[in-house]
Amino acid sequence: MKHLTAAITVLALVMLSEAQHQAGFCAFYDECGRNPSLDETLIPPIVPCLNYSPARHLTGEHYRRFKEVCPMLDQGEGNTYGCCSIGQLASLETSLSLSKGVLNRCPSCAENFAHMHCMATCSPNQTLAVKVTKVMNVTYLGKPRDVVVAYNAYINNEFADTAFQSCKNVRLPATGGFAISTMCGRYGATLCTPQRWYDFQGDSSNGLAPLDIDFFLIKGHDTTGLPEGVIPYNGRALGCNEYTPSGSEPCSCQDCEMSCPSVSPPATPPPPFRLLGMDGFLVISIILSCVLICAFLLYVIVSFWMSSKKRKDQSGEKRKNKSKVKEEKDILKRTIHPSEVTCADKTSLVAQDFLSSVFQRWGTLMASYPLTVLLLSAIVVAVFSVGLKSIELTTDPVELWSAPNSQARQEKEFHDKNFGPFFRTNQLILTAPDRKGDIYDSLLFGKQNFSGIISKDLIIQVLELQQKIQKIEFWSEDLNRTASLKDVCYAPLNPSNPSLTDCAVNSLPQYFQNSLENINAKAIMTELGVTKEVDWRDHLIYCLNSPLSFKDITALGMSCMADYGAPVFTFLAVGGYSDDDYTNAKALILTFSLNNFPRENPKFNVALQWEKEFLKIVQDYEKDPATNFTFAYMAERSLEDEINRTTAEDIPIFMISYLVIFVYIAVALGEYSSCKRLLVDSKFLVGLGGILVVGCSVLASMGFYSWIGLPSSLVILQVVPFLVLAVGADNIFIFVLEYQRDVRRDGETREQHIGRVLGHVAPSMLLCSLSESVCFFLGALSTMPAVRSFALYAALAVLMDFALQMTAFVALLSLDARRQDKNRCELFCCVSVSEKHSDKPNEGFLLPFMRKYYAPALLHRYTRIIVMVVFILMFCASIFLMLHVKVGLDQELAMPTDSYMLRYFSYLHTYFEVGVPVYFVTKRGYDFTSEEGMNAVCSSVGCDQFSLTQKIQYATNYPDLSYIAIPANSWVDDFIDWLNPGSRCCRLYTTGPNQGQFCPANISSLLCWDKCMDGSATSAIRPTVEEFHRFLPDFLGNRPDLQCSKGGLGAYDTSVVVGDNGEIIASRFMAYHSTLTNSQEYTAALQKGRELASSITEAMRKVPGTSPDFEVFTYTLTNVFYEQYLTIVPEGLFNISMCLLPTFVVCCLLLGLDLRSGLLNLITIIMIVVDTVGVMTLWSIDYNAVSLINLVTAVGISVEFVSHMTRSFALSIKPTRVERAAEATANMGSAVSTSSFRTQSYMKGFKATKSFL
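Residue indices begin from 1 for each chain and proceed along its sequence in written order. Where local features are concerned, this predicted model is filtered to residues with pLDDT of at least 70; where side-chain atom pairs are given and counted, the filter is 80 or more; whole-chain, interface and lining totals use all residues. Neither water nor hydrogens contribute to the side-chain values; these are computed over all heavy atoms in the structure.

An unreviewed UniProt entry annotates the protein as NPC1 like intracellular cholesterol transporter 1 originating from Oryzias melastigma. Among the UniProt annotations of the protein, the heading Sequence similarities (unreviewed entry) holds the following wording: "Belongs to the patched family." UniProt positions are given in the numbering used here, feature names are shortened, and annotations may be inferred rather than shown by experiment. Database annotation for the protein, UniProt heading Subcellular location (unreviewed entry): "Endomembrane system".

On to the sheet that holds strand 29 (residues 1010–1011). Here, any two strands with at least 2 DSSP bridges between them count as paired. Numbering of helices and strands starts at the N terminus; helices are DSSP runs of H or I of at least 4 residues and strands are runs of E of at least 2. Judged by pairing direction, the sheet is antiparallel, and its 3 strands sit side by side in the order 28-27-29 without closing on themselves. Edge positions in the open sheet fall to strand 28 (998–999) and strand 29, since each of these has one partner strand only. Here 2 bridges tie strand 27 (residues 987–988) to strand 28, and the two strands are oriented antiparallel to one another. Counterpart to Arg-987 in the pairing with strand 28 is Cys-999.

Another aspect to go through is the nonpolar core. Here, the term nonpolar core denotes a set of buried Ala, Val, Leu, Ile, Met, Phe, Trp, Tyr and Cys residues that are joined through side-chain atoms within 4.5 Å. Burial classes: relative accessible area under 20% of the type maximum marks a residue as buried, over 50% as exposed, and values in between as partly exposed (1.4 Å probe, protein chains only). Grouped together as the largest cluster of nonpolar side chains are 102 residues, with contacts concentrated most on Leu-428, Ile-469, Leu-508, Leu-540, Trp-610 and Phe-614. Examining the composition of this core, we find that 9 residues originate from one element, helix 18 (residues 602–623), more than from any other. Marked domain ranges trace back to an automatic or database domain assignment. Shared between two domains, this core takes at least three residues from each, and those domains are domain 3 (433–628) and domain 4 (924–1014 + 1021–1110). Throughout, a contact is declared for two residues whenever any of their heavy atoms are within 4.5 Å. Excluding its chain neighbours within four sequence positions, the residues that come into contact with Trp-610 are Asn-426, Ile-469, Ile-472, Phe-474, Ser-484, Leu-485, Val-488, Phe-592 and Leu-594. With 72 residues, the next largest nonpolar core counts Phe-733, Cys-775, Phe-776 and Leu-889 among its residues.

Attention now moves to the pattern of salt bridges. Any carboxyl oxygen of Asp or Glu within 4 Å of a side-chain nitrogen of Lys or Arg constitutes a salt bridge here. Counted by the stated rule, this structure contains 31 salt bridges. One salt bridge connects Glu-611 with Arg-424, and the closest N-O pair in it is separated by 2.7 Å. Separated by 187 residues along the polypeptide, Glu-611 in helix 18 and Arg-424 in strand 13 (residues 424–431) bring together distant segments of the chain. Summarising the burial analysis for this pair, Glu-611 and Arg-424 share the class buried. Linking Asp-898 and Arg-645 is a salt bridge whose minimum nitrogen-to-oxygen distance equals 3.2 Å. Of this pair, Asp-898 sits in the loop between helix 26 (861–882) and helix 27 (900–911) while Arg-645 sits in helix 19 (residues 638–669); the two residues are 253 residues apart in sequence, bridging distant segments of the chain.

Moving on: the state of the cysteines. Counting rule for disulfides: a pair of cysteine sulfur atoms within 2.5 Å. The final tally for this structure, using the stated rule, is 15 disulfides. The partner cysteine of Cys-489 in its disulfide is Cys-503, sulfur to sulfur 2.1 Å. Around the S-S axis, the bridge from Cys-489 to Cys-503 shows a dihedral of about -70 degrees and counts as left-handed. Linking Cys-489 in the loop between strand 17 (481–484) and strand 18 (505–506) with Cys-503 in the loop between strand 17 and strand 18, this pair joins segments that are 14 residues apart in sequence. Judged by relative accessible area, Cys-503 falls into the buried class, the value being 1%. Shown here is the disulfide that connects Cys-938 with Cys-943, its sulfur atoms set 1.8 Å apart. An S-S torsion of about -110 degrees defines the bridge between Cys-938 and Cys-943 as left-handed. Here Cys-876 stays unpaired: no disulfide links it, and the sulfur of Cys-290, its closest cysteine neighbor, is 8.5 Å away. Given the relative accessible area of 2%, Cys-876 is considered buried.

Our next topic: the packing of helix 14 (residues 456–470) against helix 18. Packed helices, taken two at a time, are described by the angle their axes make and the gap between the axes. Axes here refer to lines fitted to C-alpha atoms; in helices the fit is confined to the stretch in contact. Angles between the N-to-C directions go from 0 to 180 degrees. The geometry of helix 14 relative to helix 18 is characterised by a closest axis approach of 10 Å and an angle of 150 degrees between their N-to-C directions. The handedness of the crossing between helix 14 and helix 18 is right-handed. The residues of helix 18 that touch helix 14, namely those facing Gln-461, Leu-465, Lys-468 and Ile-469, are Trp-610, Phe-614, Ile-617, Val-618 and Tyr-621. Residues are grouped as follows: Ala, Val, Leu, Ile, Met, Phe, Trp, Tyr, Cys and Pro are nonpolar; Asp, Glu, Lys and Arg are charged; all remaining types, including Gly, are polar. Residues of the contact of helix 14 with helix 18, tallied by class, amount to 7 nonpolar, 1 polar and 1 charged. Here a crossing is taken to be left-handed if its near helix is turned anticlockwise relative to the far helix by less than a right angle, and right-handed if that turn runs clockwise.

What follows is about the packing of aromatic side chains. Stacked, tilted and edge-to-face are the three classes applied to pairs of Phe, Tyr and Trp rings, where Trp contributes its six-membered ring and a pair requires centres within 6.5 Å; stacked means planes under 30 degrees apart, edge-to-face means over 60, and tilted covers the rest. Enumeration over the complete set of coordinates arrives at 47 aromatic pairs. Each ring, one from Tyr-440 and one from Phe-450, has its centre 6.1 Å from the other, and the planes form 90 degrees; the classification is edge-to-face. Linking Tyr-440 in strand 14 (residues 438–442) with Phe-450 in strand 15 (residues 446–450), this pair joins segments that are 10 residues apart in sequence. Phe-450 matches Tyr-440 in its accessibility class, with the two residues each being buried. On the numbers, 5.8 Å between centres and 40 degrees between planes, the contact of Phe-849 with Tyr-853 is tilted. Taken together, the positions of Phe-849 and Tyr-853, both in helix 25 (residues 846–858) and 4 residues apart, correspond to about one turn of that helix.

Let's shift gears to the pairing of strand 17. Bridge count between strand 16 (residues 473–476) and strand 17: 4 bridges; the pairing is antiparallel. Looking at strand 17, one finds that Phe-474 is bridged to Ala-483. Count of turn residues in the strand 16/strand 17 antiparallel hairpin: 4 residues, of which Asn-480 carries a positive phi of about 60 degrees.

Okay, structure coming up:
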């Protein structure tokens, strides 16, 4: 029998060689069963029978089927001949329906694709362009038959190139990629050419072609190498911008560049501001500094001239060369006439006298009953602090930095309410920098570079790690059972009841379906006469270039799809590659996606537990000496965990800082006249009392706001105590030092003495505390929750601190003074010393130093000029630097310095090839069911040139300006393609119990003859309103497969929300940003996205039936964090202005409407703030919400220091401004300086922490 078969085969080959290539003849006809040389295929490989015979005249049903499948070959009924039977037409239609499912959105492409295969299968002149090269003998229907298993097809290059050009830009809406990437094998869309495109279609190893076809593309009339009689087929291929003969419209712009209108690129960012060829802000700053310095010098000259003239008038007959010392003595001896006292001076003195008398009586009262006052103070603090039992600590970054009524927050809530929160990402990025790569000589793909990490042993190790993570199990209290990955994973194709293999895990081993057997698989393959072994490397090369394939073209015949049924796009599996050199990637990416349940859902805690176990496994793996990877990792919970960890670790540092401050206060406040009185004159208990006053004020503030339900945050816990300590300790120093420097008057009791001193300093303390408190209360107008809560907590804490200083601290000082008067030792109250306390005032070291040296040097006539000029220059330079401060906060800065997240961010920016997803979300009020409504959204044939998806496509042409790299998927486009009668996607049961209901594509055509819609397969079909409502749920629930890749399950089932009445309440279209590396780019991407969404909204509102309040907006997971940077500059200016305004008002009021002093106070604080922002630029500190909090804090501290000095100067009764300034510098400046040393010490404690703050 074998010999007979061989003989028949030889005879057939002889017949082939003798067969002529002539018009009107067929090389093969009808079907003769399966291809015996193919085993596992994706569709049945039905092959034709060898039959050299004239073409058949087609009539009746045969002609009708021929016209349906190959209309381009139709010559009219009665004049049409062909070389294919009805059975061949049915098989050809089935084969074409697979490709039409993705190509029908461009009718001319689908027509050209069918044209080429119709020519090879059915052309009446088949033998002119086809040469059979291999036949086999099979037994079909009980008879031996010769079947064609390979042939050559000769096509004119012009036809092939035009057909290829019409198809190369056709999109896959679900992925944003190109359809041709699935039809060009290993080359993908980028390297695909007409020859490679046809080669893939004729390669039976792809699982789709039933036999081998070698396509020869012949240039022009070149006959070199052509068999005798062969005439390359040169039919007319359609351009993608042409109408088809059946009347279908040209392809849309998204699928055909030649159909695109002229679109201007997005506006480029404005160039840097320049003047005279230099930085414009620098020129303005230089001019401003020159103007201010000239104005100041002019003021100095005029003042000197006027004072000289005045001295001449006053001295009369005195000689001009009289010494300066004598002049000053004369001025001191001069009597001030009442007419020289201004109204401002009078009101200042009246206000001072009134406040002093009030506080003097108050201080005397508090000092007289110290124990009672301390007890009542403790009760008040305790009442307020009880609220701490219900304190709510906000750690969610969204709640901290995004206002509930902000646009991004409302958009997030709308998105999460309708589509669910964005899934939780848990990811590893693995590298092997020490591994050397190699070159693999592939039978199919030639020489390919493989990096060190793309090696079999490392891929297996990644698979083992992945499987270990997938097998995580733990006891869940929330579920009251053992939980695993399947309880929380994102399972797009089986969301209701997922198994472990349904969970979305994206990794390189998924190209092998996570099978060690597939990774180790090998096969012998012959290609172009060369026989060689193929293995995992050949499969991987193919899948990296064609991840949507269900079967590779190697002898292995394995799928590229992940085990959960979806493709793994290349950028989700590998990273750090250049162009399309995927096998030379520097990193492997492993991603586990979990459902992001609402926080009140019990499964939210289950997800947190799973992520905790995930981190534990990964961290143990990192510590394992046998690990061959250098890698970075993160879990969705990592950001919050790391911030919380930092806070916990920083608590001891803050405690040490407070201890240092306590020791400093205790030492600095002490009076040290002799060693014997060391413990008597020390102020340890006073210092401790001051710290306790600060702590109690913070606790009272936090307790009060906890009572009323205002949540706290880690920022408040870290910054507010520091701020209140800065303010409170400053007041303590001023009060205690003033008490020590003042001598008790004759007949004056200790309590009266304390009251008199308090009456002298309390107005200044009131001025500062009230200014700061009002300042912070106005700062609470900020829209950022963290800034608002900080300002409220700080404002009340400052008020409580002042109240406790006026009560508890006065009482505590009274008790300490009583002890000191009795010469009793501190801490050892029963021990007393014999040496009496000196009655002389204790000025300490700093006061005499500043009076004798610092003040005279600073206020020398030349020094004053130099200081003013220097500070004017600093102010102008800081204005220039301030205008160049960067706005934003990179994620890295929010992490502690030893966080594993820092490495992850570095790897993310280095190795990831695409940015975050961006959704274009539509709200209620748009009619998707109307033809106009669909056309204004879709991007296929018949759609508007400026539709929603088309505008996004235009934006991807300029990714550097639009920050959008990959076009949006479109459920509308895929729904229309799914309905297309040319595909197998939407059919109806013809018989049986489900008659008239939707029939999936994997069901036999014998049961499902009816199509969902009538019409041409290549026309721009649109469903009616009834059809839209009827079939949309079927589309969204249809699982995509080889027979129908357009099914919406997984891609769109959560992207369309349908109301009870069938209205589309919300839908979304997903695109991808370009790679974003810093906060400035994230902010710019947000702004550009909103501009694009606004343009889309405006256009869609013009569609008939659209509601006026219909809106399209962009949603990205990061929008809520970066939206603040769009408005933080004007908001920051507003907040700081609101802080400065009460400083001026309160200062003027408490100084008796002294506008000059208030203005001087205001200008000084403004200069401090401007200089601070300038230094931020020099130190590369970005301006953000945290910086704004610190600037508000800086304003508060500045108010504290400056206001004390301003008030001391304003109330001085010295005759000249210089003497008044000298007195204020010496007396108040020494106390303020002592306090500032303490503030710097506490700031060093902050520097020692690991947090960004």
